[in-house]
Amino acid sequence: MNTLTELYQIDGKRMLAPDADVEMSFEDLDASDSGRDESGVMHRIVVRHKVGVWNFHYSHLTQAEYAYMLSILPKAGCFVFTHPKLEDCTQTESCTAYLSGYSIIWHSARTKDFRNLKFSIIAC
């Protein structure tokens, strides 16, 4: 049974604590004018530094847990995403983010359980 956590929130609603790894990645965003010149030298025009992506994976969910997660996952648009600070995972910080989609496996109609809920939250 997954429990709710204060560490991850979507618009102030607590997420279920992930029962699998949360993969985090951070990338710079370059302007479309960035690129290599004729001599092969790279000219970067960074418009944003270290934009975060959080990949969530829940390996097992009951029907009630899945319904709860669906109720807090945004249908469209941006939202406030609260997550642990990288330098101190006991503290949280927030950013504006969006959800690009999700996937799930309906494991069993008899036992009413789901597997492998996966989604990514991407900082705006």
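Residue positions are given per chain, counting from 1 as you read along its sequence in written order. It should be noted that, the model being predicted, local features are given only for residues of pLDDT at least 70 and side-chain atom pairs only at 80 or more, the latter also being counted only at that level, while totals for whole chains, interfaces and linings use all residues. Computation of side-chain values: all heavy atoms of the structure, hydrogens and water removed.

Engineer: Quick one: what's the story with the sheet that holds strand β8 (residues 92-108), residue by residue and with numbers?
Structural biologist: Read from one edge to the other, the open sheet built from seven strands follows the order β2-β1-β7-β8-β9-β6-β3, with strand pairing classed as antiparallel. Looking at which strands have only one partner, the edges of the open sheet turn out to be β2 (13-16) and β3 (23-30). Within this sheet the neighbouring strands show an average axis-to-axis angle of 40°, counted without direction. When DSSP finds two or more bridges between a pair of strands, those strands are recorded as paired. Numbering of helices and strands runs from the N terminus, with a helix taken as a DSSP run of H or I at least four residues long and a strand as a DSSP run of E at least two residues long. The pairing of strand β1 (residues 4-10) with strand β7 (residues 78-84) spans two bridges and is classified as antiparallel. Working convention: axes come from line fits to C-alpha atoms, limited for helices to the stretch in contact. Angles between N-to-C directions cover 0 to 180 degrees.

Engineer: Account for the packing of aromatic side chains, with residues named and values stated.
Structural biologist: The pairing test for Phe, Tyr and Trp rings, Trp by its six-membered ring, is centres within 6.5 Å, and the orientation test on the planes gives stacked under 30 degrees, edge-to-face over 60, and tilted for anything in between. Inspection of every chain in the model, using the stated rule, returns nine aromatic pairs. When the centroid spacing of 5.0 Å and the interplanar angle of 85° are considered together, the rings of Tyr-8 and Phe-56 count as edge-to-face. Of this pair, Tyr-8 sits in strand β1 while Phe-56 sits in strand β6 (residues 46-62), and the two are 48 residues apart along the sequence. For the pair formed by Tyr-8 and Phe-56, the shared burial category is buried. These aromatic residues form a ring-pair network of at least three members: Tyr-8, Phe-26, Trp-54, Phe-56, Tyr-58, Phe-81 and Phe-119. Between buried and exposed lies partly exposed: a residue is buried under 20% and exposed over 50% of the maximum accessible area for its type, with that area taken using a 1.4 Å probe on protein chains only.

Engineer: Now, about the environment of Glu-87: what can you tell me, with residues and values included?
Structural biologist: Following the sequence through the fold, Glu-87 ends up in the loop between β7 and β8. We classify Glu-87 as exposed; its relative accessible area is 64%. Taking the C-alpha atoms as reference points, Glu-87 and Leu-99, 12 residues apart in sequence, are found 24 Å from one another.

Engineer: Can you tell me about a nonpolar patch on the surface, naming the residues and giving the values?
Structural biologist: A patch is a set of surface residues, each over 30% in relative accessible area and not in a salt bridge, joined within 9 Å for like charges and within 5 Å for the nonpolar side chains Val, Leu, Ile, Met, Phe, Trp and Tyr. Here the accessible surface of atoms and residues is derived via Shrake-Rupley with a 1.4 Å probe, and residues count as covered only by protein chains that are part of the display. Take a side-chain nitrogen of Lys or Arg and a carboxyl oxygen of Asp or Glu: if they are within 4 Å of each other, that pair is a salt bridge. On the surface, Met-24, Phe-26 and Leu-86 cluster together into a nonpolar patch covering about 270 Å² of accessible area. Tracing the backbone shows Met-24 in strand β3. Under the relative-accessibility criterion, Met-24 is labelled partly exposed at 39%.

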